[in-house]
Amino acid sequence: YQLINGKPKKVDCKFILKKGFVSFSIGKYDKSINLIIDPVLIFASYNGSPSDNFGMTATYDENGNLYTGGTIFGANYPITAGVYDPLGNFSTVNPSGGSGPGYGVSDVFISKYEPNGTSLLYSTYLGGGNDIGGTETVNSLICDSLGNLHLFGNTSSSDFPISVSAYQDTLMGGTYQQ
């Protein structure tokens, strides 16, 4: 943006990644006035567990709360009280003799943060299966105007928790996909 007569005027700008370097592509602007390229960092944080986990998607709601979702391959992801499934697929010893889930076993994690990042509002696992099978991934999160969080992804777990209407649609030959 540029400050013109004390007021910010937007200038089109986008990041470009070329050969490992980040640069900018800038739209038309008045070259006699300082150009300000100043992305605002609201907050930065990290979360995770000693096992592998991958952040896959994020969204925000009308109040500015941030939601993150991804795939988790083991226990000890930070969760808050009142969660759906605190142990998920990771509650027993792997029958192959190892200590932990079988190869490829995963659940989804969902976390919600305050708009300024000062507080983790909730964090949980979501999934089905058991310690030798069942994989879940979340590919997209959308928060509607009522504050409902919608998750879109896939599962190989026959016991993944679904709504009654989705189950009835499956029984009636609908095209429901988990």
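Each remark here, short or long, concerns the structure printed above.
What counts and what doesn't
Residues numbered from 1 in each chain as written. Predicted model: local features only at pLDDT ≥ 70, side-chain atom pairs only at ≥ 80, totals over all residues. Heavy atoms only, no water. Helix = DSSP H or I, 4+ residues; strand = E, 2+ residues; numbered from the N terminus. Buried < 20%, exposed > 50% of the residue type's maximum accessible area, 1.4 Å probe, protein only. Lys, Arg positive; Asp, Glu negative; His and termini not counted. Salt bridge = Lys/Arg side-chain N within 4 Å of Asp/Glu carboxyl O. Polar contact = N/O pair within 3.5 Å; in protein donor to acceptor, adjacent residues only side chain to side chain. Contact = heavy atoms within 4.5 Å. Phe/Tyr/Trp six-rings, centres within 6.5 Å; stacked < 30°, edge-to-face > 60°. Core = buried A, V, L, I, M, F, W, Y, C linked by side-chain atoms within 4.5 Å. Pairing = 2+ DSSP bridges.

Let's talk about the side chain of Asp 61
Here comes step 1: Among the structural elements, Asp 61 can be located in the loop between strand 5 (53–60) and strand 6 (66–72).
Here comes step 2: For the buried residue Asp 61, which engages in no salt bridge, the nearest side chain bearing the opposite charge is Lys 112, 4.2 Å off.
Here comes step 3: Within the local environment of Asp 61, its side chain forms a polar contact with the backbone nitrogen of Asn 65, the two atoms lying 2.9 Å apart.
Here comes step 4: There is a polar contact of 2.9 Å between the side chain of Asp 61 and the side chain of Tyr 67.

Examining the environment of Phe 24
Here comes step 1: Counting through the fold element by element, Phe 24 comes out in strand 4 (residues 21–26).
Here comes step 2: A C-alpha to C-alpha distance of 6.5 Å links Phe 24 and Cys 13, two positions 11 residues apart in sequence.
Here comes step 3: Excluding residues that lie within four positions of it along the chain, Phe 24 makes contacts with Cys 13, Lys 14, Phe 15, Ile 16 and Ile 37.

Here we look at the packing of aromatic side chains
Here comes step 1: Here the structure, examined in full by the defined rule, presents two aromatic pairs.
Here comes step 2: Aromatic pair Phe 15 and Phe 24: ring centres 5.3 Å apart, planes at 40°, arrangement tilted.
Here comes step 3: Under the relative-accessibility criterion, Phe 15 is labelled exposed at 56%.
Here comes step 4: When its relative accessible area of 39% is taken as the criterion, Phe 24 is described as partly exposed.
Here comes step 5: Seen from their ring centres, Phe 54 and Phe 73 are 5.9 Å apart, and the 85° between their planes marks the pair as edge-to-face. Of the two residues, Phe 54 is situated in strand 5 and Phe 73 in the loop between strand 6 and strand 7 (107–113); the sequence distance between them amounts to 19 residues.
Here comes step 6: Of the residues examined, Phe 54 reaches a relative accessible area of 44% and is grouped as partly exposed.
Here comes step 7: Taking the relative accessible area as the measure of exposure, Phe 73 reaches 29% and is therefore partly exposed.

A closer look at the nonpolar core
Here comes step 1: The biggest cluster of nonpolar side chains holds six residues, and these are Tyr 67, Val 108, Ile 110, Val 138, Leu 141 and Cys 143.
Here comes step 2: Where this core is concerned, the elements lending two or more residues are strand 7 and strand 9 (136–143).
Here comes step 3: Excluding residues that lie within four positions of it along the chain, Cys 143 makes contacts with Thr 59, Tyr 60, Asp 61, Tyr 67, Asn 148 and Leu 149.

Regarding the pairing of strand 6
Here comes step 1: Judged by how many residues are buried, strand 6 sits mostly within the fold: six of seven residues are covered.
Here comes step 2: Here strand 5 pairs with strand 6 via seven bridges, running antiparallel. Note on strand 6: the bridge partner recorded for Thr 57 is Gly 69.
Here comes step 3: Two elements, strand 6 and strand 7, share seven bridges in a ladder whose sense is antiparallel. From the neighbouring strand, Gly 70 faces strand 7, where its bridge partner is Phe 109.

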